[in-house]
Amino acid sequence: MERYLLRNIENANSADIEEYEKAGGYQSLKKALSMEPKAIIEEVKKSGLRGRGGAGFPTGMKWTFASADPKFPKYLICNADEGEPGTFKDRPILEKNPHLLIEGMIISAHALQARYGYIYLRGEYPQAREILENAIKQAYEKGYLGDNVLGSDTGFHLSVHQGAGAYICGEETALIESLEGKRGQPRIKPPFPVNVGVFSMPTVVNNVETLSNIPYIIEIGAEAYSKIGSPDCPGPKLYSVSGHVEKPGVYELPMGTTLREIIYTHAGGIKGGKNLKAVIPGGISTPVLPADKIDCPMDFVSMPKHGSMLGSGAVIVFDETTCLVKVCWRAMKFFEHESCGKCTPCREGTGWMRSVLERIENGQGKDGDIDLLLDIAGNIAGKTFCPLGDGAAVVTMNFIKHFRNEFEEHITNKGCIQGTKTA
Amino acid sequence: MKELDTIKEKYPTTRAAILPALYIAQEKFGWLSPEAIEEVSSTLNVPKALVRGVSTFYAMYKHKPMGRHLIQLCTNVSCMIFGAETLLELLKNKYGLEPGGTTEDGRFSLVIMECIGACDRAPAMLVNNDFHSNLDDNNITEILEKYK
Ligand SMILES: Cc1cc2nc3c(=O)[nH]c(=O)nc-3n(C[C@H](O)[C@H](O)[C@H](O)COP(=O)(O)O)c2cc1C
Ligand code: SF4
Ligand code: FES
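Since the model is a prediction, treat every value here as computed from it, not as a measurement.

Caption draft 1: Representation of the overall build of chain B in the model. What chain B contains, in helices and strands, is seven helices and four strands. Going from the N terminus to the C terminus, chain B shows its helices and strands as α-α-α-α-β-α-α-β-β-β-α. Each principal axis of the C-alpha distribution contributes one length, and for chain B these read about 50 × 35 × 25 Å. Within the span of chain B, comprising 148 residues, buried residues form 55% of the whole. The long-range fraction of contacts in chain B, counting pairs at least 24 apart against all pairs at least 6 apart in sequence, stands at 55%. When the accessible surface of chain B is summed, it comes to about 6600 Å², and 50% of that surface belongs to carbon and sulfur atoms.

Structure (structure tokens):
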């Protein structure tokens, strides 16, 4: 497939506005400015684009809600928090193709009649910050940003807001709190951000990759776009592949490419010719899949039917030598660390699960510990304020569901037969 | 904190400038000392307790003095399976560095990171603002030697 999101990134100067223009950049913006805002929203709806941040919400629908709210000014926020472990797909756009994102944001702002925009960028990407700020400066100088975008009546002002190392701020309402200068704890919904978002105004939050698809939809039209990849969930998709593969990296493929094809055809198969044991298909918060369950189309609609989720499209591959109890423990350590503390089941449950996993891995597991884990997970699932707690519960349940034997062996053998321990 | 005037213009409320202001103060004082918090509070005209309350939520704001160079080593899953933990051991043996600690000579501080988005080049770390990846026992010491 011809690459769109990663077009031109081999060019060492791809982040420069002149290079971007030479490769056809900002043409979609010119076209979009001649369209009525409502017509752009219709086009995005017809394209079938779903948000790439993890939940797969239809972008056109979100925009319709925000557009229908009579309050102004409206805000457009790009979620560049990219904190889900295993995920590094937004990074090449931010660092190598920043003008694609900026062009996508200006078109979106025109469609939504949003006057102000922020890119909420994770604190761990200091290079991306410099590159984005420079790109924004260039876009102002060329008249793409400002009170009159390319001399039109549309005005859009954009800046970068740097996060400070809290995973939960990737959740959109926590992100909004953080942007307002508060502790990043999720808000109760409703009201939804499309009505009462940042600074109490209608706000659209979209992922970097989502917004970077907008110029493409305008360029080739919704009809052609909707024919790429899965019918229910079309478009190009960035998959970030890490772990035990020969060629880890970010791959732009049609949405719905199977997990098997991603691992074996694109990422070069399992490192060192070893056998595959398990895959986490969509970032650490998505359910693990065993080696015989990888013939699943990687899109938002298909993955739940195959026992997992697309999440952020972050594929983490484990070969036959990996201790999965330890992987599960490390995942839980992450959830415990990142729990914002707002609700008890998540705050207490993640720490408790981590400590039980720790003793199983270190050879002090007791009979009944596996059921204890399932019991704790059951008491978290569905009882938390935001999906982080749910994620922690579902992750544990699925490691046990597919690899219960391995947990049992750890308890009977008083430790990991591979000799691993927790750090 | 003159930079703050341009930053404040980006937001409709002064409070929204707290996060960027904390970064600037941290840069200036090395950590969020009581003076740093005081400066953010008085420049933005928001109560000190509020500024402190916000700052403690975020892992990248430092509430104690740090070494000259901050090592931020990722130990999340993709880095763990490629040996991030042996790097931790090495930092402990060679420099006496524990997670959350600082060397006696004040040269390095070490912080454990969750994923830093370099999983395809695992294990990875940030030293100050520089990324280093594909680390192993040999190259990590070579890299760290450059930070005096
Ligand atoms: C705990 C948690 C972390 C999240 N982290 C991110 C993130 O880092 N980046 C992102 O784009 N969305 C993240 N999301 C999803 C956002 O809440 C939101 O759905 C998304 O930004 C909407 O954009 P989209 O419709 O374009 O996907 C996270 C959600 C949760 C619950
Ligand atoms: S589920 Fe966890 S992260 Fe989400 S609001 Fe509750 S405590 Fe915070
Ligand atoms: S897990 Fe270490 S960089 Fe992603």
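We are not done yet, so read on.
Caption draft 2: Seen up close, the interface of chain B and chain A. Across the boundary between the two partners, chain B contributes 40 residues, which contact 57 residues of chain A. Both sides together, the interface formed by chain B and chain A hides about 3700 Å², and carbon and sulfur atoms give 61% of it. Here chain B is connected to chain A by two salt bridges. If you list the elements that add at least two residues to the side of chain B that touches chain A, you get helix 2 (18-29), helix 4 (48-55), helix 5 (77-80), strand 2 (108-113) and strand 4 (130-132) of chain B. No other element matches helix 2 of chain B, which puts four residues into the side of chain B that touches chain A. Of the residues contributing to the side of chain B that touches chain A, the split by class is 25 nonpolar, eight polar and seven charged.

Caption draft 3: Summary view of the sheet that holds strand 1 (residues 74-80) of chain A. Residues and elements named next belong to chain A. With respect to topology, four strands assemble into an open sheet ordered 3-2-1-4, the strand pairing being parallel. Where the open sheet ends on each side, the last strands, each with one partner, are strand 3 (157-162) and strand 4 (203-207). Geometrically, the sheet is characterised by an average inter-axis angle of 20 degrees between neighbouring strands, direction not taken into account. With six bridges joining them, strand 2 (residues 114-121) and strand 3 adopt parallel strand pairing. Across the sheet, Tyr 116 pairs through a bridge with His 157, a residue of strand 3. Strands in contact with helix 7 (residues 126-141) are strand 2 and strand 3; relative to strand 3, the strand with the most contacts, it is inclined by about 170 degrees.

Caption draft 4: Quick look at the nonpolar core. Counting residues in hydrophobic clusters, the biggest one holds 84 residues, and the most contacted among them are Phe 318, Phe 335, Phe 399 and Phe 407 of chain A together with Tyr 58 of chain B. In contact with Phe 407 of chain A, not counting residues within four places along its chain, are Val 325, Cys 328, Leu 357, Ile 360, Ile 370, Leu 373, Phe 399 and Ile 400 of chain A. Leu 6, Ile 40, Leu 101 and Leu 158 of chain A belong to the second-largest nonpolar core, a separate cluster that totals 60 residues.

Caption draft 5: Structural detail: the environment of Ala 118 of chain B. Turning to its location among the elements, Ala 118 of chain B is positioned in the loop between strand 2 and strand 3 (125-127). You can call Ala 118 of chain B buried: its relative accessible area is 2%. C-alpha separation for the pair Ala 118 of chain B and Phe 108 of chain B, spaced ten residues apart in sequence, amounts to 22 Å. With residues near it in sequence (within four places) discarded, Ala 118 of chain B still touches Arg 91 of chain A together with Ala 124 and Phe 131 of chain B.

Caption draft 6: Spatial organisation of the pattern of salt bridges. All names here are of chain A. As enumerated under the stated definition, the model contains 40 salt bridges over all chains in all. With a closest N to O distance of 2.8 Å, Glu 209 and Lys 89 form a salt bridge. One end of the pair, Glu 209, is in helix 9 (residues 208-220); the other, Lys 89, is in the loop between strand 1 and helix 5 (90-96), with 120 residues separating them in the sequence. Given the relative accessible area of 1%, Lys 89 is considered buried.

Caption draft 7: Region of the structure containing the sheet that holds strand 11 (residues 314-319) of chain A. Taken in spatial order, the five strands line up as 8-7-11-9-10 (chain A) in an open sheet, and their pairing is mixed. Sheet topology places strand 8 (249-254) and strand 10 (289-290) of chain A at the edges, where each strand pairs with a single neighbour.

Caption draft 8: Region of interest: the site of ligand 1. Residues and elements named next belong to chain A. In the region of ligand 1, 18 residues are neighbours, and Gly 53, Asn 79, Asn 206, Asn 207 and Thr 210 sit closest. In this structure, Asn 79 approaches ligand 1 through a side-chain N or O atom, which is 2.9 Å from an oxygen atom. Relative to its unbound accessible area of 620 Å², ligand 1 is 89% covered by the protein chains. Take the shell around ligand 1: its biggest share by element is three residues, from strand 4. Taken together, the residues that form the shell around ligand 1 break down as four nonpolar, eight polar and six charged.

Caption draft 9: Looking closely at a nonpolar patch on the surface. Taken together, the side chains of Phe 57, Met 61 and Phe 65 of chain A make up a nonpolar region of the molecular surface, amounting to roughly 270 Å² of accessible area. With respect to the secondary-structure elements, Phe 65 of chain A resides in helix 4 (residues 59-68).

Caption draft 10: Representation of helix 7 of chain A. All names here are of chain A. Compared with an ideal rise of 1.5 Å per residue, which puts 16 residues at 22 Å, helix 7 spans 23 Å between its outermost C-alpha atoms and is within 8% of the ideal. All of the buried residues in helix 7 are Pro 126, Ala 128, Leu 132, Ala 135, Ile 136, Gln 138 and Ala 139. Just past helix 7, the residue Gly 143 takes up positive phi, approximately 80 degrees.

Caption draft 11: Structural view of the environment of His 410 of chain A. All names here are of chain A. Position of His 410 among the secondary structure elements: in helix 16 (residues 387-412). What His 410 contacts, discounting residues up to four positions off in sequence, is Cys 323, Val 325, Ile 360, Glu 361, Gly 415 and Cys 416. Separated by 3.1 Å, the side chains of His 410 and Glu 361 make a polar contact.

Caption draft 12: Just unusual backbone geometry, in detail. Residues and elements named next belong to chain A. For the bond running from Lys 189 to Pro 190, omega is -10 degrees, close enough to zero to count as cis. Tracing the sequence through the fold places Pro 190 in the loop between helix 8 (172-179) and strand 4. The residue after Pro 190, namely Pro 191, is reached through a cis peptide bond having omega 0 degrees. Its place among the elements puts Pro 191 in the loop between helix 8 and strand 4. A positive phi angle is found at Tyr 26, which is not glycine, with a value near 70 degrees. In this fold, Tyr 26 is placed in the loop between helix 1 (17-22) and helix 2 (27-33). Residue classification places Tyr 26 among the buried residues on the basis of a relative accessible area of 0%.

Parameters and conventions
Residues numbered from 1 in each chain as written. Chains lettered and ligands numbered in written order. Predicted model: local features only at pLDDT ≥ 70, side-chain atom pairs only at ≥ 80, totals over all residues. Heavy atoms only, no water. Helix = DSSP H or I, 4+ residues; strand = E, 2+ residues; numbered from the N terminus. Buried < 20%, exposed > 50% of the residue type's maximum accessible area, 1.4 Å probe, protein only. Contact = heavy atoms within 4.5 Å. Areas by Shrake-Rupley, 256 points an atom, 1.4 Å probe, with all protein chains shown as cover. Buried area = accessible area lost by both parts, 1.4 Å probe. Salt bridge = Lys/Arg side-chain N within 4 Å of Asp/Glu carboxyl O. Nonpolar A, V, L, I, M, F, W, Y, C, P; charged D, E, K, R; others polar. Pairing = 2+ DSSP bridges. Axes fitted to C-alpha atoms, helices over the stretch in contact; angles between N-to-C directions. Core = buried A, V, L, I, M, F, W, Y, C linked by side-chain atoms within 4.5 Å. Near = heavy atom within 4 Å. Polar contact = N/O pair within 3.5 Å; in protein donor to acceptor, adjacent residues only side chain to side chain. Patch = residues over 30% accessible without salt bridge, like charges linked within 9 Å, V, L, I, M, F, W, Y side chains within 5 Å. Expected span 1.5 Å × (residues − 1).

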